[in-house]
Amino acid sequence: MAEVKLAAQVRTEFGKGAARRTRRANLVPAVVYGHGAEPVHVTLPGHELMMALKTANVLIGLEIDGKGALVIPKAVQRNPLKGDIEHVDLLTVKRGEKVNVEIAVHVEGDLAPGGNLLEYVQNTLLVEAEATHIPESVTVSVAGLDAGASVLAKDIPLPKGSVLAGDEDAVVLQVVAAQAEEPTADAEGEGAEA
């Protein structure tokens, strides 16, 4: 995974008014924390941050007052109407350090014939990986699975260097039979008169 470089400025103003002024200047308020250090309040360039966050679990190289820091996004708050980024919590990481992150689960293949439906019990999988080699997603084959079949977390092949950090017996995907709708009383009565 490539590292995205962003320039950060230390924030000295806090509160709603200051956050609004920051956002109007197309900057995003953020907090950098981790490794027992005091949290650092910064502002980040809005557009560049938005582009960086399009990649899940992106590794960001921050330049804060001439010092470099590697971070990954821990929490992103977005405006519910516009979708704009309002605030970001960033976790400091070191090269070679293992971190727990959630990665997306994708499926490939067709289920067994017969009107079966695939149900996602979990859309993501908690894995432990090196901070500079976090996988974006995992792919699971559901080819030929029939109703009643399920895929457990331990059954999903993980990328090299990643290990499962969550419950290995957790159900991630399951196949269910399609339910036929029962005809309503009005529909039955109309069919009998014809």
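Only a predicted model underlies this, so the values are computations on that prediction, with no experimental measurement involved.

Visitor: Even after reading the chapter, I still don't get helix H1 (residues 16-24), so can you show me in this structure?
Guide: Within an α-helix, residues lying three or four positions from one another point in the same direction, as the helix has 3.6 residues per turn. Taken residue by residue, H1 has Ala 18, Ala 19 and Thr 22 as its buried positions. Viewed along the axis of H1, the buried residues span an arc of 100°, placing them on a single side of the element. Those residues of H1 that are exposed and aimed more than 90 degrees away from the buried face are Lys 16 and Arg 24. Each element contacted by the buried residues of H1 is listed here: strand S2 (27-34) and strand S3 (37-45). Phi for Asn 26, located one or two positions after H1, is positive at around 60°.

Visitor: Please explain the pattern of salt bridges as it appears in this structure.
Guide: When the charged atoms of two side chains with opposite charge come close together, those side chains can pair. A complete count under the given rule lists 2 salt bridges for this structure. The residue Glu 13 makes a salt bridge to Arg 21 at a minimum N-O spacing of 3.4 Å. Between Lys 154 and Asp 169 there is a salt bridge, and its shortest N-O distance comes to 3.0 Å. Residue Lys 154 is found in the loop between strand S11 (150-152) and strand S12 (163-164), and its partner Asp 169 is found in the loop between S12 and strand S13 (171-177); the two are separated by 15 residues along the sequence. Overall, the relative accessible area of 46% leaves Lys 154 in the partly exposed class.

Visitor: Honestly, the sheet that holds strand S10 (residues 137-141) in this entry has me stumped. Any pointers?
Guide: Each strand in a sheet pairs with another by means of backbone hydrogen bonds, the pair being arranged parallel or else antiparallel. With respect to topology, 4 strands assemble into an open sheet ordered S10-S7-S9-S12, the strand pairing being mixed. What marks the edges here is a single partner per strand, and that holds for S10 and S12. Relative to S10, strand S7 (residues 98-108) is paired through 5 bridges, and the arrangement is parallel. Among the inter-strand pairings, His 106 is bridged to a residue of S10, identified as Thr 139.

Visitor: Can you walk me through the nonpolar core in this structure?
Guide: Generally speaking, soluble globular proteins have nonpolar side chains that are buried together. Ile 72, Val 93, Val 99, Val 101, Leu 125, Ile 156 and Val 172 are the most contacted members of the largest nonpolar core, which totals 21 residues. Sorting the residues of this core by element identifies strand S5 (67-78), strand S6 (85-93), S7, strand S9 (124-130), S10 and S13 as the ones contributing at least two each. Residue contributions to this core peak at 4 residues, all from S7. Counting residues in each nonpolar core, the second largest holds 17 residues, with Leu 6, Ala 8, Ala 30 and Ile 85 among its members.

Criteria and cut-off values
- Residues numbered from 1 in each chain as written.
- Predicted model: local features only at pLDDT ≥ 70, side-chain atom pairs only at ≥ 80, totals over all residues.
- Heavy atoms only, no water.
- Buried < 20%, exposed > 50% of the residue type's maximum accessible area, 1.4 Å probe, protein only.
- Helix = DSSP H or I, 4+ residues; strand = E, 2+ residues; numbered from the N terminus.
- Arc of directions from axis to C-beta.
- Contact = heavy atoms within 4.5 Å.
- Salt bridge = Lys/Arg side-chain N within 4 Å of Asp/Glu carboxyl O.
- Pairing = 2+ DSSP bridges.
- Core = buried A, V, L, I, M, F, W, Y, C linked by side-chain atoms within 4.5 Å.

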